[in-house]
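# Remarks on the overall topology
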Amino acid sequence: MDYTLLNSIDSPADLRRLPRTELRRVADEVRAFVLESVARTGGHLGSNLGTVELTVALHYVYNTPEDRLVWDVGHQTYPHKVLTGRRDRMPGLRQLGGISGFPRRDESEYDTFGTGHSSTSISAAHGMAMAAKLKGENRKAVAIIGDGSMTAGMAFEALNNAGVAHGGLLGDVLVILNDNDMSISPPVGALNKYLARLMSGSFYTAARESAKSVLKNTPLYEFARKFEEHTKGMVVPGTIFEEFGFNYVGPIDGHDLDSLIPTLENLRDKKGPQFLHIVTKKGAGYKLAEADPVKYHAASGKFDPAVGFVKPATPPKLTFTQVFGDWLCDMAEADPRLVGITPAMREGSGMVDFHKRFPQRYHDVGIAEQHSVTFAAGLACEGIKPVVAIYSTFLQRAYDQLVHDVAIQNLPVLFALDRAGLVGADGATHAGNYDIAYTRCIPNMAVLTPADEDECRQALYTGFMHDGPVTVRYPRGAGVGVVPVKAMTAQPWGKGEVRRQGKRIAILAFGTLLYPALEVAERLDATVANMRFVKPLDAELVAELARTHEALVTVEDGCLMGGAGSAVTEALNAAGLSVPMLQLGLPDEFVEHGDPAKLMSLCGLDAAGIEASIVKRFGEKPTVVARAATR
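Here we summarise the structure given alongside this text. Quick caveat, the model's predicted, so the values are computed rather than measured.

## Observations concerning empty space enclosed by the protein
- One pass over the structure, following the stated rule, counts four cavities of 30 Å³ or more.
- For the largest cavity, the full set of lining residues is Tyr 62, Lys 140, Ala 141, Asp 172, Val 173, Leu 174, Leu 267, Arg 268, Lys 270, Gly 272 and Gln 274.
- When the residues that make up the lining of the largest cavity are grouped by side-chain class, the tally is five nonpolar, two polar and four charged.
- Roughly 40 Å³ of volume is contained in the second largest cavity.
- Contributing to the lining of the second largest cavity are Ala 420, Thr 449, Pro 450, Arg 473, Tyr 474, Pro 475, Gly 511, Thr 512 and Asp 557.
- Considered class by class, the residues forming the lining of the second largest cavity number four nonpolar, three polar and two charged.

## Here's the deal with the nonpolar core
- Grouped together as the largest cluster of nonpolar side chains are 53 residues, with contacts concentrated most on Val 26, Leu 45, Leu 58, Ile 176, Leu 264, Leu 276 and Phe 303.
- Sort the elements by how many residues they give to this core and helix 2 (residues 23-41) lands first, with 10 residues.
- Once residues lying within four places of it in the same chain are set aside, the contact partners of Leu 276 are Leu 174, Val 175, Ile 176, Leu 177, Val 249, Ile 252, Thr 263, Leu 264 and Leu 267.
- Grouped together as the second largest cluster of nonpolar side chains are 48 residues, Phe 510, Ala 543, Ala 564 and Ala 571 included.

## So, the pairing of strand 10 (residues 385-391)
- Here strand 10 lies mainly inside the structure; seven of its seven residues are buried.
- Side chains Lys 385, Val 387, Ala 389 and Tyr 391 project from strand 10 onto one buried face, and the interleaved Pro 386, Val 388 and Ile 390 project onto a second face that is buried too.
- With four bridges joining them, strand 8 (residues 338-342) and strand 10 adopt parallel strand pairing. Across the sheet, residue Leu 338 finds its bridge partner in strand 10, namely Lys 385.

## Thoughts on the side chain of Glu 453
- Mapped onto the elements, Glu 453 comes out in helix 20 (residues 453-465).
- Nearest to the buried, unbridged Glu 453 among oppositely charged side chains is Lys 317, at 6.6 Å.
- A polar atom in the side chain of Glu 453 sits 2.9 Å from the backbone nitrogen of Gly 481.
- Among the polar contacts listed, one links the side chain of Glu 453 to the backbone nitrogen of Val 482, at a separation of 3.0 Å.
- In contact with Glu 453, not counting residues within four places along its chain, are Leu 318, Phe 320, Val 323, Ala 478, Gly 479, Val 480, Gly 481, Val 482 and Pro 484.

## Notes on helix 20
- With 13 residues, helix 20 should cover 18 Å at 1.5 Å per step; its first-to-last C-alpha distance of 19 Å lies within 8% of that length.
- The buried fraction of helix 20 amounts to 12 of the 13 residues, a majority that puts the element mostly inside the structure.
- Measuring from the side-chain oxygen of the N-cap residue of helix 20 to the backbone nitrogen of Asp 454 gives 3.2 Å; that N-cap residue is Asp 452.

## A few points about the environment of Met 488
- Relative to the helices and strands, Met 488 is located in the loop between strand 13 (470-473) and strand 14 (497-500).
- Its relative accessible area of 23% is what places Met 488 among the partly exposed residues.
- Considered as a pair, Met 488 and Asp 330 are 158 residues apart in the sequence and their alpha carbons are 9.4 Å apart.
- Setting aside residues up to four positions removed in sequence, Met 488 forms contacts with Trp 327, Asp 330, Met 331, Arg 457, Gln 458 and Tyr 461.

## Digging into the packing of helix 2 against helix 5 (residues 78-86)
- Interaxial distance between helix 2 and helix 5 falls to 10 Å at its minimum, and their mutual angle equals 110°. Between helix 2 and helix 5, the angle is such that the two are roughly perpendicular. Where helix 2 crosses over helix 5, the handedness of that crossing is right-handed. Of the residues in helix 5, those touching helix 2 at Val 26, Val 30, Phe 33, Val 34 and Val 38 are Tyr 78, Pro 79, Val 82 and Leu 83.
- Classifying every residue of the contact of helix 2 with helix 5 by side-chain character gives nine nonpolar, no polar and no charged.

## Digging into the packing of aromatic side chains
- Inspection of the entire model under this criterion finds 17 aromatic pairs.
- Ring geometry for Tyr 3 against Phe 33: centres 5.4 Å apart, planes inclined by 85°, an arrangement best described as edge-to-face. Highlighted residues: Tyr 3 in the segment before helix 1 (12-16) and Phe 33 in helix 2, separated in sequence by 30 residues.
- One aromatic cluster is present, built from ring pairs that chain together Phe 320, Phe 324, Trp 327, Phe 464 and Tyr 474.

## A short note on the sheet that holds strand 16 (residues 527-530)
- Pairing within the open sheet is mixed, and its five strands lie in the order 14-16-15-18-19. Among the strands making up the open sheet, the edge pair consists of strand 14 and strand 19 (581-586). On average, adjacent strands in this sheet sit at an angle of 25° to one another, irrespective of strand direction.
- Sheet topology note: the strand 15 (residues 505-509)/strand 16 ladder contains four bridges and is parallel.

## Concerning the side chain of Arg 473
- In this structure, Arg 473 sits in strand 13.
- Within polar-contact distance, the side chain of Arg 473 engages the side chain of Asp 435 at 2.6 Å.
- Not counting residues within four places of it along the chain, the set of residues in contact with Arg 473 comprises Leu 417, Ala 420, Gly 421, Gly 432, Asp 435, Ile 436, Leu 448, Thr 449, Pro 450 and Asp 557.

## As for the sheet that holds strand 4 (residues 173-179)
- Ordered in space as 2-3-4-6-5, the five strands form an open sheet in which the pairing is parallel. Looking along the sheet, the strands with just one partner apiece sit at the ends: strand 2 (68-71) and strand 5 (247-253). When strand polarity is set aside, the average angle formed by the axes of neighbouring strands in this sheet is 20°.
- Looking at chain direction, strand 4 and strand 6 (residues 274-279) are connected through six bridges and run parallel. When the sheet's bridge partners are listed, Leu 177 is paired in strand 6 with His 277.
- Along the sheet, helix 4 (residues 52-61) makes contact with strand 2, strand 3 (141-146), strand 4 and strand 6, crossing strand 2 at roughly 160°.
- Relative to the sheet, helix 12 (residues 257-268) contacts strand 4, strand 5 and strand 6, its axis offset from that of strand 5 by approximately 170°.

## Describing unusual backbone geometry
- The omega torsion of the bond from Thr 64 to Pro 65 falls at 5°, within 30 degrees of zero and hence cis.
- Mapped onto the secondary structure, Pro 65 falls in the loop between helix 4 and strand 2.
- Residue Gly 250 is joined to Pro 251 through a cis peptide bond whose omega torsion reads -5°.
- In this fold, Pro 251 is placed in strand 5.

## Looking at the packing of helix 14 (residues 320-334) against helix 20
- At their nearest, the axes of helix 14 and helix 20 sit 9 Å apart, and the two run at 40° to each other. One finds that helix 14 runs oblique with respect to helix 20. Crossing handedness for the pair helix 14 and helix 20: right-handed. Where helix 14 abuts helix 20, its residues Phe 320, Val 323, Phe 324, Asp 326, Trp 327, Asp 330 and Met 331 lie against Glu 453, Cys 456, Arg 457, Leu 460, Tyr 461 and Phe 464.
- When the residues that make up the contact of helix 14 with helix 20 are grouped by side-chain class, the tally is nine nonpolar, no polar and four charged.

Thresholds applied
Residues numbered from 1 in each chain as written. Predicted model: local features only at pLDDT ≥ 70, side-chain atom pairs only at ≥ 80, totals over all residues. Heavy atoms only, no water. 1 Å grid on protein atoms, 1.4 Å probe; cavity = no way out; pocket = protein on both sides within 12 Å on 5 of 7 lines; lining within 4 Å. Points joined across faces, edges and corners; volume = space filled by probe spheres on them. Nonpolar A, V, L, I, M, F, W, Y, C, P; charged D, E, K, R; others polar. Core = buried A, V, L, I, M, F, W, Y, C linked by side-chain atoms within 4.5 Å. Buried < 20%, exposed > 50% of the residue type's maximum accessible area, 1.4 Å probe, protein only. Helix = DSSP H or I, 4+ residues; strand = E, 2+ residues; numbered from the N terminus. Contact = heavy atoms within 4.5 Å. Pairing = 2+ DSSP bridges. Lys, Arg positive; Asp, Glu negative; His and termini not counted. Salt bridge = Lys/Arg side-chain N within 4 Å of Asp/Glu carboxyl O. Polar contact = N/O pair within 3.5 Å; in protein donor to acceptor, adjacent residues only side chain to side chain. Expected span 1.5 Å × (residues − 1). Axes fitted to C-alpha atoms, helices over the stretch in contact; angles between N-to-C directions. Parallel < 35°, antiparallel > 145°, perpendicular 65-115°, else oblique. Left-handed = near helix turned anticlockwise from the far one by under 90°. Phe/Tyr/Trp six-rings, centres within 6.5 Å; stacked < 30°, edge-to-face > 60°.

See the structure below:
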């Protein structure tokens, strides 16, 4: 496509200099450019194609970056990046050293708030709007949030706060609900367009305020207020937002610039909290994505837009997510007490088949991680065996519930933690670096770290059969290719195993780093233990290895602080043993996005890095230090 107009836009200021009649062409060029870019790099697709017109309209109407745009989740911001001076950097999207797939404050002044997780935008935009009031600055704040993100309690907590004056001050914040789960038929669309322009206009506002002043302190005031709310509620689904203190407008067609722009202009000039409900279509403008928005949510790699996503010629390796999905169905077949729970990640967590086969035992609770955990706790209280399939990074959002509602009561809830460790292109916001540290410190909680596909299946079974809370963590993607055994066998509780017997150095491996550890051990003639459990840790095995080797090395794909290596150190201290020790894991920093293998190499957690760290620390032969007396 010819990008003549788009190539002339290096900032939103350039966009705002164009006549309004050119904006349709700008949107078409942006959409084509985003599709072409994602086809070359991979990344989120459907959501970005669906927000093109909204992005163009926002940057045209608002004085960005002075006015603040906060994008919820942020996976829909590729058009925003294209229009804010990063068009030429799109070939490096989500790659090491390239731009992020999410907004980042250190990447652009137009990225006013870093996002990645959902339902944070209204809180952040409200904070920015109140800061402007406190500082005497005349600027606006806009939160753009999807209908999925509105299912989270945090979004409603923010609405509840933003709609109330604080010390006489109300922030000038606009919340835009990007609703892509609703269709507008032509007549309803026309009606809504008219209503939106009417209700966002100055005449409606003036008439409304005049009536309020005349009727105030009369018996008719409350009647008129209720009549207005419920009359609007009969034609627009906005009564609930009005109750929060927002002026509701919509729903309108989010792809119609002739409706979007005047509505946004009206709302921009209003004071106080405003709410605009727009309706968009995921994948808009790309027929394949419109027809199957779930499939075209994201591209895992390059593809031909003319053909769409095609299955690879050779079958891909079995992923840990698929191992979990297969186990879940098999376990549900064997135990009618099993119930599967996901906070809006059915596809990502591998629960599609489970949903089809066991619909009454499948619960997608929406983007509501806190609720998912306490819901599971309630089920467990009644003898049900809940399995919560959740990404490691998302369980962070339900930490209080994990402690207070599950662990304190020692309830048998199994947490299947997908995306443990580095996740690659999604970067720091989605990395599962911290779950070992934040779960092993909780009393009653068990933490299992399977090394391969078969161990993952058996670890899930082991955790499910345990009468208490358990996390089983596994990474994104495929393992080394160990075919899972169909039969399910419980692993010895809290016990590791020696996988290779060597001399001098013992490597204690947690999780999938067992295999690079074995590779290193062949060259260094080291012992390798597959620890399997971070908690309960096999303290007997740790002590035995400490007594029979000159040095210990722990390897894990989680943060070093408070991680599995720390657990080994604590066990040694408790046993009164002192031995030279090297802990290898993820550094105390947020690791950038990029190819997972490259990132692991940069962190020194591939075979070459592990070997180099051991040789650097211990040389050819570890230095022996005096051990304390064994108790």
